[in-house]
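Observations on chain architecture
Residues per chain, in single letters:
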Amino acid sequence: CAIKTYNFDVSWVSANPDELLERSVIGINGQWPIPTINVTKGDQVVVHVKNSLGNESTSLHFHGLYQNGTTHMDGPAQVTQCAIIPGGTFTYNFTVDQPGTYWYHSHVRGQYPDGLRGAFVVHDPEDPHKDLYDEEIVLTLSDWYHEHMPDLLASFINIANPSGAEPVPQSALVNETQNLTVRIEPGKRYKFRIINMGAFAAQYVWFEDHTMQIVEVDGIYTKPTDAEMIYVTVAQRWSVIVTAKNNSDANFAFVGSMDQDLFDTVPDGLNPNVTGWLVYDDAKEKPAPKEVESFEPFDDFDLAPYDQESLYEHVDYQIQLDMKMDNLDDGANYAFFNDQTYVAPKVPTLYTALSTGPNATNPLIYGSHTNQFVLAHNQVVELILNNDDPGKHPFHLHGHAFQLVHRSPDDAGFYDATTAPALPATPMRRDTVLVRPNGNLVLRFRSDNPGVWLFHCHIEWHVASGLIATIIEAPLEMQKQLAGKIPEDHVEACSAAGVPME
Ligand code: C2O
């Protein structure tokens, strides 16, 4: 195992990824797109961040990493750290013991869609599928806005937008461009690591005339499973193997198509698609993709984990979250869990948990707006999510991959265990999952990772409108693990931001 060190100077740079508008974006070391982090399972990762934005605070979250023993390196501002103010520095330092496809992004409210989002790949010398492919390629999907997030947020959460209609992106991108070609050699097998780093839009993805074989989702190996089309919500990752044809008679398009069901209105002239090409022969044309009549993506509920981990049968503790969107007295639209919209606490929740001794197990000490749940150590936790909203939402849990034990179709209403179908014997696990319109979702995980972890909708608009819960997992064990371990720069980040640590 190695120590991989990165020096990231975060600053504004200029870019024009859809070739429609040049604008400032958040880059690293003067570059955008920002670098892919490539490490090997077991590596220690050290990321020195300097915030040179001048006008915004920042932080980095390494999406999907469990941060076992290092919850203070997880990154969400006001949860596990104070945001890094302009001019500030901060070091993330953690060991990665899980293989797979991840990404990293700012976890300051509303910031990553302005550009601070990149791939994070953990290579695995013991990849059980390594004989199935010859090469691997990262494909990041994203949506793209011409306006900056602070401006968009100001009009999104506004009395003039009482229905909470989310801003619609101007474009879709792959590898932050609309002009991607992937050179293909006949007969070779390629593993594509597909990551949706967008703010809002899920994308349907397919490769024309090529079948995908799914081998991983969100860092969990699957039994290899064929699919013609997948549906990748924001923050999900899917690794698929595509076998090249044996000849170079033609080139083929691959397409990411934004799910327009998510958009309240579809602006005239919106191109929901981004197209790339599998190029077998440079001299041949790059064909326009064929029209698709109906979108019928593969259902990730039909996947099975490669390790065949069985269902956690016995539930020790249940969390029920009923979510809805509604208006508050200011006339703007917000999102709610159990009638409470999340408001970030002044003091990061982690520091409250670390500084309150035995009281850390009392949920009331975390205030009244963090949608907090305190978990005892090593329990099987069942999380029931009832979506009392006609929209689709991709939910993400920090610190864990959960078992997907139930997902209803559209309009099923609240979960009812007595009428639900039998649970799968070897449920798929992942860290980001879609709940359907007015449907429900049931997840299970073991509280074996002491820390403070968010559970939230990964649509960045809904993060801003409060669709967040806080899980304080095994706080007494966490206090023991982290005693004396919070580095000085974490303390300084808070004092620089004028936030008391306790
Ligand atoms: Cu990509 Cu709170 O996470």
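These numbers were taken from a predicted model, which means no experiment stands behind them. (Residues numbered from 1 in each chain as written. Predicted model: local features only at pLDDT ≥ 70, side-chain atom pairs only at ≥ 80, totals over all residues.)

Focus on the pairing of strand β7 (residues 100–105)
Here is the rule we go by: Residues are called buried when their C-beta atom has 20 or more other C-beta atoms within 10 Å, exposed when it has 12 or fewer, and partly exposed otherwise; all C-beta atoms are positioned from the backbone. Helix and strand definitions here come from DSSP, where helices need a minimum of 4 consecutive H or I residues and strands a minimum of 2 consecutive E residues; each element is numbered from the N-terminal end. Here, any two strands with at least 2 DSSP bridges between them count as paired.
Buried residues dominate β7, accounting for six of its six residues. Here β7 shows a buried face lined by G100, Y102 and Y104 and a second buried face lined by T101, W103 and H105. Alignment of strand β5 (residues 61–63) against β7, held across three bridges, turns out to be antiparallel. If you follow H63 over to β7, its bridge partner there is W103. Direction of pairing for β7 relative to strand β8 (residues 117–123): antiparallel, over a ladder of six bridges. Bridging across to β8, T101 finds its partner in V121.

Concerning the UniProt feature "domain: Plastocyanin-like" (unreviewed entry) in the protein
For the record, the criterion: UniProt positions are given in the numbering used here, feature names are shortened, and annotations may be inferred rather than shown by experiment.
Taken from the UniProt record, the annotation "domain: Plastocyanin-like" (unreviewed entry) applies to residues 10–126, 135–282 and 342–475. Annotation note: span residues 10–126, helix share 0%, strand share 40%, distance between end C-alpha atoms 34 Å. Overall, residues 135–282 shows 5% helix and 47% strand. The separation of its end C-alpha atoms is 20 Å.

What about helix α1 (residues 149–156)?
In plain terms, the rule: Each C-beta atom gives one direction from the helix axis, and the arc is the one those directions make.
Within α1, the full set of buried residues consists of M149, L152 and F156. In a view along the axis of α1, the buried residues occupy a sector of 65°, so they form one face of it. Facing away from the buried side of α1 by more than 90 degrees, the exposed set consists of D151, A154 and S155.

Brief notes about unusual backbone geometry
The omega torsion across W32 and P33 is 0°, close enough to zero to call that bond cis. Turning to its location among the elements, P33 is positioned in the loop between β2 (23–28) and β3 (37–40). Residue N175 is not a glycine yet carries a positive backbone phi of 50°. Tracing the chain through its elements places N175 in the loop between β10 (171–174) and β11 (180–183). Despite not being glycine, A474 has its phi angle at roughly 50°, a positive value. Residue position: A474 is located in the loop between β30 (468–473) and α4 (475–482).

Details of the sheet that holds β3
Think of a sheet as strands paired side by side through backbone hydrogen bonds, with each pair either parallel or antiparallel. Here is the rule: Axes, fitted as lines to C-alpha atoms, cover a helix only where it is in contact. Angles between the N-to-C directions of the axes lie from 0 to 180 degrees.
Within the open sheet, the four strands sit side by side as β3-β8-β7-β5. Their pairing is mixed. A strand with exactly one partner marks an edge of an open sheet, and here the two such strands are β3 and β5. Between one strand and the next, the sheet's axes are offset by a mean angle of 25°, whatever the strand orientation.

With respect to the sheet that holds strand β6 (residues 89–95)
If you walk across this open sheet you meet the four strands as β2-β1-β4-β6, and the pairing is mixed. Every interior strand has two partners, whereas the edge strands, β2 and β6, have only one. Taken over all neighbouring pairs, the strand axes of this sheet differ in orientation by 20° on average, direction set aside. Inspection of the sheet shows strand β4 (residues 44–51) paired to β6 by seven bridges, in the antiparallel sense. Bridging across to β6, V49 finds its partner in F90.

Notes on the confidence of the model for the protein
To be explicit about the condition: Per residue, pLDDT measures the predictor's confidence, with a range of 0 to 100.
Across the protein, the average pLDDT comes to 97, with 100% of residues at 70 or higher. Of the two predicted TM-score estimates for the complex, the pTM is 0.98 and the ipTM is 0.99.

Considering the nonpolar core
Convention followed: Joining buried Ala, Val, Leu, Ile, Met, Phe, Trp, Tyr and Cys residues through C-beta atoms within 7 Å gives a set, and that set is a nonpolar core. Note on contacts: each residue gets a C-beta atom placed from the backbone, and two residues are in contact if those atoms are within 7 Å.
Among the nonpolar cores identified, the biggest contains 134 residues, and F120, I194, I214, V232, V240 and L443 are the most heavily contacted of them. Per element, the largest residue contribution to this core is five residues, and it comes from strand β29 (residues 451–457). With residues near it in sequence (within four places) discarded, I214 still touches T222, P224, T225, A227, W238, V240 and L303.

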